[in-house]
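# Architecture at a glance
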Amino acid sequence: MKKIFLLIVFMFSAVLSAQTAKITFSGTVLNSIDKTPVEFASIVILETKSRAFSDRYGKFKIEISEPGEYTVIVNSDGLKYIQKKIKVTSDYNETFLLEPLSISGSALTITAKKEKQTISRRTMTQEDMKETPASFGDSISALTSLPGVERTDGFFGPLQIRGADASFNRYYIDGMPIDNPMHMLGLHSVISNDLMEEIDLYSSSFPVNFGDANAAIININTIDTVDKFSGVVDISLLSSALLLKMPIKKYEMVDGEMQKVNTGYTILSGRIGYLSLILPRLAELFGNESPFVADYGDYQIKTKYYFNKKHAVRLLAIGAKDKTAVNTESLVDVEEGDDPLMTDLQMSNDTSFNNIGLYYDYKSGKITNTLFSFVSVSNNRTFLYSGSADAPQWLKDFEINNTPYIVSVKDDLSFEWWKNISSLDIGLGYTYYYFTVDGKSLVVDNYSEPFNPYDDISTRDYSKNVANQIVNGYADNRIKIGGLKLNTGVRSDYLKRTGQATFDPRIMTSYTFASDTTVSYAGGRYSSFFQVNPMIFQSMPYLSEASDDVEPTVAYHNALGVEQLYKLLTFSVEGYYNIFTNEPVYFSREVDGVMRYGETTGRAVTYGTEIMIRKDRQEKSNGVFGWMSYTYNISRYKSGISDPLYADAYWDKYKTSDAQRDHALKLVAGYRLGKHTFSGRFQLLSGDYYTPIVGSEKQTLLPSGTIRYGEEYSTDINSKQLPFNHRLDLRYSYLSSYSWGNVKWYIEVIDAYGLFVERELFEDWKYNEPYSDSNPSMYKEKGFPIPNFGVEIKF
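Keep in mind the model is a prediction, meaning the values are calculated, not measured.

Scoring rules and cut-offs
- Residues numbered from 1 in each chain as written.
- Predicted model: local features only at pLDDT ≥ 70, side-chain atom pairs only at ≥ 80, totals over all residues.
- Heavy atoms only, no water.
- Helix = DSSP H or I, 4+ residues; strand = E, 2+ residues; numbered from the N terminus.
- Buried < 20%, exposed > 50% of the residue type's maximum accessible area, 1.4 Å probe, protein only.
- Contact = heavy atoms within 4.5 Å.
- Areas by Shrake-Rupley, 256 points an atom, 1.4 Å probe, with all protein chains shown as cover.
- pLDDT = per-residue confidence, 0-100.
- Core = buried A, V, L, I, M, F, W, Y, C linked by side-chain atoms within 4.5 Å.
- Pairing = 2+ DSSP bridges.
- Axes fitted to C-alpha atoms, helices over the stretch in contact; angles between N-to-C directions.
- Patch = residues over 30% accessible without salt bridge, like charges linked within 9 Å, V, L, I, M, F, W, Y side chains within 5 Å.
- Salt bridge = Lys/Arg side-chain N within 4 Å of Asp/Glu carboxyl O.
- Phe/Tyr/Trp six-rings, centres within 6.5 Å; stacked < 30°, edge-to-face > 60°.
- Lys NZ or Arg CZ within 6 Å of the ring centre and 35° of its normal.
- Lys, Arg positive; Asp, Glu negative; His and termini not counted.
- Polar contact = N/O pair within 3.5 Å; in protein donor to acceptor, adjacent residues only side chain to side chain.

So, on to the overall build of the protein. The helix and strand inventory of the protein stands at 5 helices and 48 strands. By residue count, 52% of the 795 residues in the protein fall in the buried class. Restricting to contacts in the protein with at least 6 residues of sequence separation, those with at least 24 account for 65%. Carbon and sulfur atoms form 57% of the exposed surface of the protein, whose accessible area is close to 35,500 Å².

Okay, structure coming up:
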């Protein structure tokens, strides 16, 4: 702990020196179009690393220690920033007029961004995403560096946030939901980094405009300004990506002259992965043959056209395709103790989706409105086959293909009804879901331990077309009086299939003191219908036809936090307590010729604390940047099923959840020096919980007569825990600038010292031996540094 403390002091000592104020630099920030005050504009003096924010009248004040020439940057969302030199000899006052991001003759567009809550929200900019080590330069992977964010399978898998079920997170891009946000294994997101402006992560307690989620919201905002033709090419070890930005221009009469002006833009981007080329070469280095096939790609198209000052249309199209296959027949070296049923196994999973969204934007004075419609078509095919003569029938006869079709239309209206005090957001939407599934479903016939591959699982033919419809609406009133902010809202969703309607009140309030200290609270009720959750449908398609005998899943979120700003330093502490009710408990059993597919009796509780210190720097400036965070998380779960056919030993009391991560310390630090950027990430995490093996059962495989010992797990679920683990990731990039653009070379090493650290990973069970003191044994393995390198070319 002493070393960590010294490291923190070293990182932030440069910004903690106090200075005696002698000169006052004050001013006002106004919108250049209507001369209205710009609230919460950022005013930064680079030389002194001082920062202030304008109040609701657009006014600000910064103390300067001595006369001199200073560089001032004034910036606000949706407006062009100003950077200028000022010479100060005594108290100084100036008015800054910020222009809209897009001004093109008569086609004037102001990008309207709602003021965002600070509590339970973390934001990563495009530069943050790219310079975070161990993320492969990817946006969603970079989020794992934030407090409270883990992956379900360590380095891979979907995001698990604040100990909640990952299937109840929702992802959005420009307001359009994405049901498959990541490529296979979670190596890359399906959206180009260079298309993103920033990502807002709402860990819990999110606003009412987001629905159909109980856990967290990941909201991606894309860039909305293209002034000239430009592009980005990124070629790395795993994939290659291309993005092109093209303005739409036309001739207009401006000040008595015909001029070519911007009236919109088009952005095209795409990525192709080539792991199927890389994995076999890597396997050959170790004298093995790779059993994996992994290919993926994606595309994005965004176009916008401004009709005039008030009206614009946008189109956003995104899509992705993944193919993953495993063939264990190619593994010639089968280790002693491996499961004989898995020695000749073929598995494949093919997924794809295409989303198209059309937006109509209107802005006039204090009124903004967006009418939005989207269509989504996705497909998920899973195939499983064993060539072993001993394999049970369900391993030889499983294939399922499901396709969700989604059509939605919604309208979002925002207007200021009390000048400079209060505004109201209103939304109304309708969504039609048509889910189709064809193939086999796995049915668990026996839930007792140990697992018997012949008697416990079977398959049933399953073919269904299920339609669901949801109507939803929300209202959110936002009040700002001085440092006080109060958002009170309500959301309601109605599922036609069941006739059920939700009523979810939510609140967010904060107060910012003159010392730049903000105290915030957010909470409320958060409901969702799992019948229309595409992530659940991919694995449990039969739940889409559940009737009114099951209740919607409901969560109650509470978050309380304090944030302190000091120049470019931000310190925050946040506590949360979330309750989840009516969670689906999955099981399958045939009763009197009717399949029964689970109940909504699950219940979970998660609570914890997040502490974060963040050091920012001005874009493209030299200096230290990064953050350190500590998260304490407790996550408990109980199934609530009392039926002895399905109940576990903890059906009526809470157990430790698979998602619990007691302690997580993360340190991300970087330093930019001219063309060079060095960054690193260190994480120290408490170990995963697991259910220990306590016995075995002798099983005879047919027709070979091979003896297999099936493992029996303890009824004391998640009663043991692996030791703490730690990892260091490093990244270096070099930027060269030219008249036509720039070139950035980068290299990163994941698990830099892994070869010197042996980690306990899981209990290793040998299927050719009965339970004993030596079986199972703890599987230990040293890490292996994973390199990634590439080049990014901007023109």
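Attention shifts here to the confidence of the model for the protein. Taken over all residues, the pLDDT of the protein has a mean of 85, while the share at 70 or more is 89%. Note that pLDDT drops below 50 for residues 1–21; the model gives that stretch 25 contacts with residues more than four away or on any other chain. Confidence drops under a pLDDT of 50 for residues 102–113, and excluding neighbours within four residues, the segment shows 37 contacts in the predicted structure.

What follows is about unusual backbone geometry. Cis rather than trans, the peptide bond between Asn775 and Pro776 has omega equal to 10°. Within the fold, Pro776 resides in the loop between β46 (758–764) and β47 (777–782). Phi is positive for Asp174, close to 50°, though the residue is something other than glycine.

What follows concerns the nonpolar core. One finds Leu146, Ile173, Met176, Ile178, Ile191 and Ile318 to be the most contacted residues of the largest nonpolar core, which totals 81 residues. Not counting chain neighbours up to four residues away, the residues in contact with Ile173 comprise Ile178, Ile191, Ile220, Thr222, Leu316, Ile318 and Tyr359. The next biggest cluster of nonpolar side chains, apart from the first, holds 19 residues, and it includes Phe25, Phe60, Val72 and Leu98.

Here we come to the sheet that holds strand β5 (residues 68–76). Sheet architecture is open: 4 strands sit in the order β3-β2-β5-β6, paired in antiparallel fashion. Of all the strands in the sheet, the pair left with one neighbour each is β3 (50–53) and β6 (79–88). Neighbouring strand axes in the sheet, compared pairwise and without regard to direction, differ in orientation by 20° on average. In this structure, β5 lies alongside β6, joined through 8 bridges in antiparallel fashion. When the bridges of β6 are listed, Val72 appears paired with Lys84.

Once that is clear, we can look at a nonpolar patch on the surface. Residues Tyr360, Leu371, Val409, Leu428, Tyr430, Val471 and Tyr494 make up a contiguous nonpolar surface patch of roughly 590 Å² in combined accessible area. Accessibility expressed as a relative area gives 39% for Leu371, which makes it partly exposed.

Right, let's talk about the packing of aromatic side chains for a bit. The geometry of an aromatic ring pair comes down to the distance between the two centres and the angle between the two planes. Summed over all chains, the structure comprises 19 aromatic pairs. Measuring from ring centre to ring centre gives 6.2 Å for Phe229 and Phe795, while their planes differ by 45°; the resulting arrangement is tilted. Of the two residues, Phe229 is situated in the loop between β16 (217–222) and β17 (230–236) and Phe795 in the segment after β48 (786–794); the sequence distance between them amounts to 566 residues. You can call Phe795 partly exposed: its relative accessible area is 32%. A ring pair is formed by Tyr405 and Tyr434, whose centres lie 6.2 Å apart and whose planes are at 45°; its orientation type is tilted. With Tyr405 in strand β24 (residues 398–418) and Tyr434 in strand β25 (residues 422–444), the pair connects residues that are 29 residues apart, well separated along the chain. Aromatic rings pair up to connect Phe25, Phe60, Tyr92 and Phe96 into one cluster. Sitting above the plane of the Tyr359 ring, Arg314 keeps its charged end 4.1 Å from the centroid.

This part is about the side chain of Asp322. Of note, Asp322 is situated in strand β21 (residues 311–327). Here Asp322 sits buried without a salt bridge, and the closest side chain of opposite charge, Arg271, lies 9.7 Å off (N-O distance). Among residues more than four places away in sequence, those in contact with Asp322 are His183, Met184, Asp295, Tyr296, Asn349, Asp350 and Thr351.

Turning our attention to the sheet that holds strand β7 (residues 92–98). One open sheet accounts for 3 strands, arranged β4-β1-β7; its pairing is mixed. The strands lining the two open edges of the sheet, one partner per strand, are β4 (59–64) and β7. Neighbour to neighbour, the strand axes of the sheet diverge by 25° on average, direction disregarded. As judged from the 6 bridges shared by strand β1 (residues 23–31) and β4, these two strands associate in the antiparallel manner. In the strand pairing of β4, Thr24 is matched with Glu63.

Here the focus is the environment of Ser572. Tracing the sequence through the fold places Ser572 in strand β32 (residues 569–585). For Ser572 and Val562, which are 10 residues apart along the polypeptide, the C-alpha to C-alpha distance reads 5.6 Å.

Tallying each qualifying case throughout the model produces 30 salt bridges. Across the pair Glu150 and Lys666 runs a salt bridge, and its minimum N-O distance is 3.8 Å. Residue Glu150 is found in strand β11 (residues 149–153), and its partner Lys666 is found in strand β38 (residues 663–673); the two are separated by 516 residues along the sequence. Residues Glu150 and Lys666 agree in their burial class; the two are buried. As a salt-bridge pair, Asp350 and Lys323 come within 3.8 Å of each other at their nearest N and O atoms. Placement of the pair is Asp350 in strand β22 (residues 345–364) and Lys323 in strand β21, with a sequence separation of 27 residues. One salt-bridge network, held together by shared partners, links Arg122, Arg162, Glu574 and Glu610.

Take Ser76: it is sitting in strand β5. Ser76 gets classed as buried once you look at its relative accessible area, which sits at 11%. Sequence-wise, Ser76 and Val38 are 38 residues apart; in three dimensions their C-alpha atoms are separated by 7.8 Å. Excluding its chain neighbours within four sequence positions, the residues that come into contact with Ser76 are Val38, Ala41 and Leu98.

This part takes up the side chain of Arg151. Examined against the element boundaries, Arg151 turns out to sit in strand β11. Residue Arg151 is classed as buried on the basis of its relative accessible area, which comes to 7%.

With respect to the helices and strands, the residue Asp200 is situated in strand β15 (residues 196–202). Judged by its relative accessible area of 0%, Asp200 falls in the buried class. A C-alpha to C-alpha distance of 9.9 Å links Asp200 and Tyr172, two positions 28 residues apart in sequence. Dropping the residues within four chain positions of it, Asp200 is found in contact with Lys116, Arg121, Arg122, Thr123, Ile217, Ile218, Asn219 and Asn221. In terms of polar contacts, Asp200 uses its side chain to reach the side chain of Thr123, at 2.6 Å.

Moving on to the pairing of β48. Where β17 and β48 come together, 5 bridges link them in antiparallel fashion. The residue bridging Val233 from the neighbouring strand is Ile793, located in β48. Here strand β45 (residues 741–750) pairs with β48 via 9 bridges, running antiparallel. Residue pairing across strands places Ile750 opposite Ile786, the latter belonging to β48.

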